[in-house]
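Secondary and tertiary structure notes
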Amino acid sequence: MLRDFSLQALFMGLLTAFVGFASSFAVVLHGLTGVGATEAQAASGLMALSISMGVCAIVLSVATRLPVSIAWSTPGAALLSSSGAVAGGFNTAVGSFLICGALIVIAGLWKPLGRMVAAIPAALANAMLAGVLIGLCFAPVKAVAFNPLLGLPIVLAWVAVGAVNRLLAVPAALLAFALVLAFGIDMPADVFTRLTATLVPQAEWVTPAFSFAGLVSIALPLFVVTMASQNIPGIAVLKVNGYEPNPGPLFATTGLFSILSAPFGGHAVNLAAITAAMCAGEDAHRDPARRYWAAIVAGLGYVIFGLLAATVTAFVSLAPKILIEAVAGLALVAAFSGSAMAAFKEPNSREAAAVTFLVTASGVSFAGISGAFWGLAAGGLMLALARMVARRT
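From a predicted model like this one, the values you see are computed outputs, not experimental measurements.

**Considering the overall build of the protein chain**
From N to C terminus, the protein chain includes 20 helices and 2 strands. For 393 residues, the compact-globule estimate of 2.2 N^0.38 gives 21 Å, and the C-alpha radius of gyration of the protein chain, at 20 Å, lies within 12% of that figure. If you line up the protein chain on its principal axes, its C-alpha atoms span 70 × 55 × 45 Å. Counting all 393 residues of the protein chain, 52% fall into the buried class. Residue pairs in contact within the protein chain that sit at least 24 positions apart in sequence constitute 83% of those at least 6 positions apart.

**Considering the packing of aromatic side chains**
One pass over the structure, following the stated rule, counts 8 aromatic pairs. Measuring from ring centre to ring centre gives 5.4 Å for phenylalanine 21 and phenylalanine 25, while their planes differ by 15 degrees; the resulting arrangement is stacked. Judged by relative accessible area, which is 4%, phenylalanine 21 ranks as buried. Accessibility expressed as a relative area gives 4% for phenylalanine 25, which makes it buried. Ring geometry for tryptophan 205 against phenylalanine 264: centres 5.5 Å apart, planes inclined by 80 degrees, an arrangement best described as edge-to-face.

**Here we look at the packing of helix H3 (residues 39-64) against helix H13 (residues 247-261)**
Interaxial distance between H3 and H13 falls to 9 Å at its minimum, and their mutual angle equals 150 degrees. Overall, the two elements H3 and H13 adopt an arrangement that is roughly antiparallel. Where H3 crosses over H13, the two elements pack in a sense that is right-handed. Facing H3, whose interface residues are Ala48, Leu49, Ser52, Val55, Cys56, Val59, Leu60 and Thr64, H13 presents Leu250, Thr253, Thr254, Phe257 and Ser261.

**Brief notes about the confidence of the model for the protein chain**
Summarising the model, the protein chain shows a mean pLDDT of 87, and 98% of its residues fall at 70 or more. Here helix H6 (residues 111-119) is the element of the protein chain with the lowest mean pLDDT, 74, and H3 is the one with the highest, 95.

**A few points about unusual backbone geometry**
Although it is not a glycine, arginine 65 sits at a positive phi angle of roughly 60 degrees. Topologically, arginine 65 is positioned in the loop between H3 and strand E1 (70-72). Arginine 65 sits in the partly exposed class, given a relative accessible area of 37%.

**Considering the packing of helix H8 (residues 139-146) against helix H9 (residues 148-164)**
It is the contact of H8 with H9, at a shortest axis distance of 6 Å, that shows an interaxial angle of 145 degrees. Regarding H8 and H9, the two cross each other, and that crossing is left-handed. The residues of H9 that touch H8, namely those facing Pro140, Ala143, Val144 and Phe146, are Pro148, Leu150, Gly151, Leu152 and Val155. Tallied by class, the residues present in the contact of H8 with H9 amount to 8 nonpolar, 1 polar and no charged.

**Overview of the layout of surface pockets**
Taken as a whole, the largest pocket spans an internal volume of roughly 1200 Å³. Top contributing element to the lining of the largest pocket by residue count: helix H12 (residues 212-240), with 7 residues. Split by residue class, the lining of the largest pocket holds 31 nonpolar, 11 polar and 1 charged.

**With respect to the side chain of threonine 313**
Tracing the backbone through its elements, the reader meets threonine 313 in helix H16 (residues 309-316). The exposure class assigned to threonine 313 is buried, which follows from its relative accessible area of 6%. Look past the residues within four positions of threonine 313 in its chain and what remains in contact with it is Leu29, Glu39, Ala43 and Leu46.

**Points about the pattern of salt bridges**
The full count for this structure, using the stated rule, is 1 salt bridge. Across the pair glutamate 325 and lysine 321 runs a salt bridge, and its minimum N-O distance is 4.0 Å. A residue pair is termed a helical-turn pair when its members lie 3 or 4 positions apart in one helix, as glutamate 325 and lysine 321 do in helix H17 (residues 321-331) at 4 residues. Take lysine 321: its relative accessible area is 54%, and that puts it in the exposed class.

**Re helix H19 (residues 350-362)**
Spanning 13 residues, H19 covers 18 Å between terminal C-alpha atoms, matching the ideal 18 Å at 1.5 Å per step. Buried residues of H19: Ala352, Ala353, Thr356, Phe357 and Thr360, and no others. The buried residues of H19 occupy an angular sector of 135 degrees when the element is viewed end-on, so they sit on one face. Opposite the buried face of H19, at more than 90 degrees from it, the exposed residues are Glu351 and Leu358. Along its buried surface, H19 packs onto helix H7 (122-137), helix H18 (333-343) and helix H20 (371-392). Glycine 363 sits one or two positions beyond H19 and adopts a positive phi of about 70 degrees.

**Some points on the nonpolar core**
With 92 residues, the main nonpolar core has Ile70, Phe90, Phe97, Phe177, Phe223 and Leu323 as its most contacted residues. Here this core takes 9 residues from helix H5 (residues 89-109), the largest share from any one element. Counting 12 residues, the second largest nonpolar core, distinct from the first, contains Tyr292, Trp293, Ala294 and Ile296.

**Side note on the environment of proline 153**
You can see proline 153 is positioned in helix H9. Residues proline 153 and cysteine 56 lie 97 residues apart in sequence; the distance between their C-alpha atoms is 36 Å. Setting aside its immediate chain neighbours within four residues, proline 153 contacts Pro148, Ala176 and Val180.

Reading guide: rules and limits
Residues numbered from 1 in each chain as written. Predicted model: local features only at pLDDT ≥ 70, side-chain atom pairs only at ≥ 80, totals over all residues. Heavy atoms only, no water. Helix = DSSP H or I, 4+ residues; strand = E, 2+ residues; numbered from the N terminus. Rg over C-alpha atoms; globule rule 2.2 N^0.38 Å. Buried < 20%, exposed > 50% of the residue type's maximum accessible area, 1.4 Å probe, protein only. Contact = heavy atoms within 4.5 Å. Phe/Tyr/Trp six-rings, centres within 6.5 Å; stacked < 30°, edge-to-face > 60°. Axes fitted to C-alpha atoms, helices over the stretch in contact; angles between N-to-C directions. Parallel < 35°, antiparallel > 145°, perpendicular 65-115°, else oblique. Left-handed = near helix turned anticlockwise from the far one by under 90°. pLDDT = per-residue confidence, 0-100. Nonpolar A, V, L, I, M, F, W, Y, C, P; charged D, E, K, R; others polar. 1 Å grid on protein atoms, 1.4 Å probe; cavity = no way out; pocket = protein on both sides within 12 Å on 5 of 7 lines; lining within 4 Å. Points joined across faces, edges and corners; volume = space filled by probe spheres on them. Salt bridge = Lys/Arg side-chain N within 4 Å of Asp/Glu carboxyl O. Expected span 1.5 Å × (residues − 1). Arc of directions from axis to C-beta. Core = buried A, V, L, I, M, F, W, Y, C linked by side-chain atoms within 4.5 Å.

Right, dumping it as structure tokens:
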């Protein structure tokens, strides 16, 4: 195994860890606080997710000798921010995270459930995801309106660097955010003392609670978007690069690590898609059999970043909330455009996709159940009616 290690895989693994963490941790923090987490609980959740996905990547890559890159569910975190807090607060959200993790395990071990997820019309799944993401994608515009001197540098950094290298666009926006925070925001007198105190990692145990509203508002939509937009594409990326993974055990393992991270505030970990392409491509090594080291190094990087999660959270909390939302929104622009295009591509399902998108994007809850569930249900009903009419004519 050690003979397969290379400096090329080392560099790509470190780059993968940096891009994977920096490009979307803001989305995770926003999502966790959106369902009721305190700052300490959100920091704990970020730490648990980062460590879980790092260890999971190492375990799977060593066991399979495949470059299995793991990520937290970024679309799932965006879903949380649009869902809002449910009755019972963050404890109920954590119970829903546990149910989601269990469903992912079952989907990996029991093929009928996996086939049920795959049977959800792609147009509706993408429309739901687009509806979930659009609210946060408005944040960069709102940040510029809030204060152009603070918001505009973040957006311009994303645009300028993204024109050269799309992977580094969000890290560039994050760097601009840090500079804006350092030079444009009045810092508390004890800022360095507060940041230093966070260098010792502290996990926050959250006792899970369960409710029907949590099941349908958080657990089921989180399971659907994690499987449809992360796990299944993650397998596709590996296959495109010439690997033949066995999806079931990989899904089940990510579900297990999701369960382990949930009581500490983590919502879900899953197979990566974008960073998977970094670890599985030729840039990781010319020999496909030696690329798995890139995923192992990335896993180690995620563990290190996870241990610094409390410091990152404390630093981010010093800025106006809209600025970190802007970074999160920029991180989701590509995901929104991709899901919206896929949702409305087929004429036969376009109206059903539109209904799904609009109901989800409205953010309106009925009977304590979030719009994401009702959007998928309404779109599914529209599609079923359209197909019924088509058969009779």
